Amino acid sequence: MHADFVLQNATIVDGSGAARRHGHIAVAGQHIVQVGDFDVPAGIPVIDAAGLAVAPGFIDSHTHDDGYLLAHPDMTPKVSQGITTVVTGNCGISLAPLAGHDIPQPLDLLGPQALFRYGTFAAWLDALRAAPAAVNVVPLVGHTTLRVATMEDTARAANPDEVARMRTLLSQALNAGAFGVSTGTFYPPAAAATTEEIIAVCQPLRGRAGVYATHLRDEADHIVPAMHEALEIGRALDCRVVFSHHKLAGARNHGRSRETLDLITRAAAAQPVCLDCHPYPATSTMLRLDRVLLAQRTLVTWSKGYPEATGRDFADVMAELGLDEAATLERLAPAGAIYFLMSPDDVQRIFRHPLTMVGSDGLPFDPHPHPRQWGTFTNVLRTMVRERNLLTLEEAIHKMTGLAAAQYGLPRRGLLQPGCYADLVLFDPDTVTDAATFEQPLQLSRGIEAVWVNGAQVWDGRQAVGARPGQVLAPVRP
């Protein structure tokens, strides 16, 4: 056997959901070459993994890392929690194709305007290939980005010429390597888009086994009609529907996850569908009055209008300024916020669903970000597995790896099998934990001992080691 190194005496959690077992994993080049109980030939470097678990590298199925990959290619917030692949371009907002435009909210959640310099999706992918990051990338193209690129007024439905131009941009993005499309009709630049517009723009998805990931029009009182719209779009385009960061917002909707998950289960019997979720009872996005009024608590993550508000409770800032909610928002805008508006019981129920993947949904450029950017996956291992026994370790790892790889069509990823890519995370299942909190969100996880991407080590348990072996992954077309 030829191998570059062997992880010896590990607890192997292979990503399939199967029971853990003890053994070795041999890696040669970018691939796993042997798994199980075998003799290690002399001269091959050995890493003693006794007492530790090894799993496939975690797949972050919902990120906004499009620009962060280029600005901070070491990807410390992600590799430090075991993530080896990120799905970008979610919620309708992707970095490309967009250049030479003012950047309206929520596109600014992706980072500063200087990052928006790629007039084609291919140009952005070329930039990623020319300067790889530490992690692999599964790119989606955002419908909101297409609207901003082609429409002078996004507060109305697109006309036929604009639809045609968006369709052309989408075709180019798919040909360049986009896995699919995301929408964010919850947000102002896309709220006026009709179901018919989305189906017309996204026609190039047909026949490509692509993904339609959606931040629904409504995640509160009208979530069920919004879900039906997404499923209708998925059927019309013959593609997989991903319900992004599935949640029930607002106290009056708490408990309705029973209803929405039943809808997903029934839909999945007739069409491809899945969902992602993070383990926190709070979400984060641009500062909006409807969310402030719905949330039990709002924490300001950044503010251009009143920078002193960053990291503080909206209610405290409102009292300090002597203004009501609407006037305070106007004073702070543009701004971002964390909203405590979900029920922990709903979050746990959603996590138990067999089609739920794990997605951080972090906003990496926020000065005071939601802790999910730094701690989602290790939080799941601590809270859902070890503290609450909500999931077995095998179930949680499957959601983070094999399930996500299957839903996004990533062959030879997400599993520990000979021939699979050596995306690996070595961790201590008894102590692994997030450290990021709402008060101090920029904190490294603990207990992630080592991470490899395509066979190259990117994390040594304390810091990113400087290697950047990440690849832009390619979709599998029929």
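The structure presented is a predicted model; accordingly, all values stated were derived computationally and were not measured.

Looking at this structure, I do not really get the domain arrangement of the chain. What am I missing?
Often the size quoted for an interface is simply the accessible area lost on bringing the parts together. Taken domain by domain, the chain holds domain 1 (57-284 + 341-411) and domain 2 (285-340). Distance from the C-alpha centre of domain 1 to the C-alpha centre of domain 2: 25 Å. Taken together, the contacts link 23 residues of domain 1 with 19 residues of domain 2. Where domain 1 meets domain 2, there are zero salt bridges. The interface formed by domain 1 and domain 2 includes nine residue pairs in polar contact (both at pLDDT 80 or more).

Can you help me understand the UniProt feature "domain: Amidohydrolase" (unreviewed entry) in the chain in this one?
In this numbering, the UniProt entry assigns the feature "domain: Amidohydrolase" (unreviewed entry) to residues 46-242 and 259-458. A helix fraction of 35% and a strand fraction of 20% characterise residues 46-242, whose end C-alpha atoms lie 40 Å from each other. End C-alpha atoms of residues 259-458 are separated by 42 Å, and the span's content is 36% helix alongside 20% strand.

I would appreciate a short explanation of unusual backbone geometry in the present structure.
Outside of glycine, negative phi angles account for most residues, and trans bonds account for most peptide bonds. The amide bond that connects Ala 96 to the next residue, Pro 97, takes the cis arrangement and shows omega of 0°. Geometrically, the link from Ala 333 to Pro 334 is a cis peptide bond, its omega value of -10° lying close to zero. Although it is not a glycine, Met 75 adopts a positive phi angle of roughly 55°. Considering the arrangement of structural elements, one finds Met 75 in the loop between helix H1 (68-71) and helix H2 (76-79).

What's the story with the sheet that holds strand E18 (residues 335-340) in this structure? I'm lost.
Strand pairing in a sheet is mediated by backbone hydrogen bonds. Such pairs are either parallel or antiparallel. With respect to topology, three strands assemble into an open sheet ordered E16-E18-E17, the strand pairing being antiparallel. Looking at which strands have only one partner, the edges of the open sheet turn out to be strand E16 (282-286) and strand E17 (297-303). Within this sheet the neighbouring strands show an average axis-to-axis angle of 20°, counted without direction. Alignment of E16 against E18, held across five bridges, turns out to be antiparallel. By the bridge assignment for E18, Met 286 is matched with Gly 336.

How each quantity is defined
- Residues numbered from 1 in each chain as written.
- Predicted model: local features only at pLDDT ≥ 70, side-chain atom pairs only at ≥ 80, totals over all residues.
- Heavy atoms only, no water.
- Domains from an automatic or database assignment.
- Contact = heavy atoms within 4.5 Å.
- Salt bridge = Lys/Arg side-chain N within 4 Å of Asp/Glu carboxyl O.
- Polar contact = N/O pair within 3.5 Å; in protein donor to acceptor, adjacent residues only side chain to side chain.
- UniProt positions renumbered as here; feature names shortened; annotations may be inferred.
- Helix = DSSP H or I, 4+ residues; strand = E, 2+ residues; numbered from the N terminus.
- Pairing = 2+ DSSP bridges.
- Axes fitted to C-alpha atoms, helices over the stretch in contact; angles between N-to-C directions.

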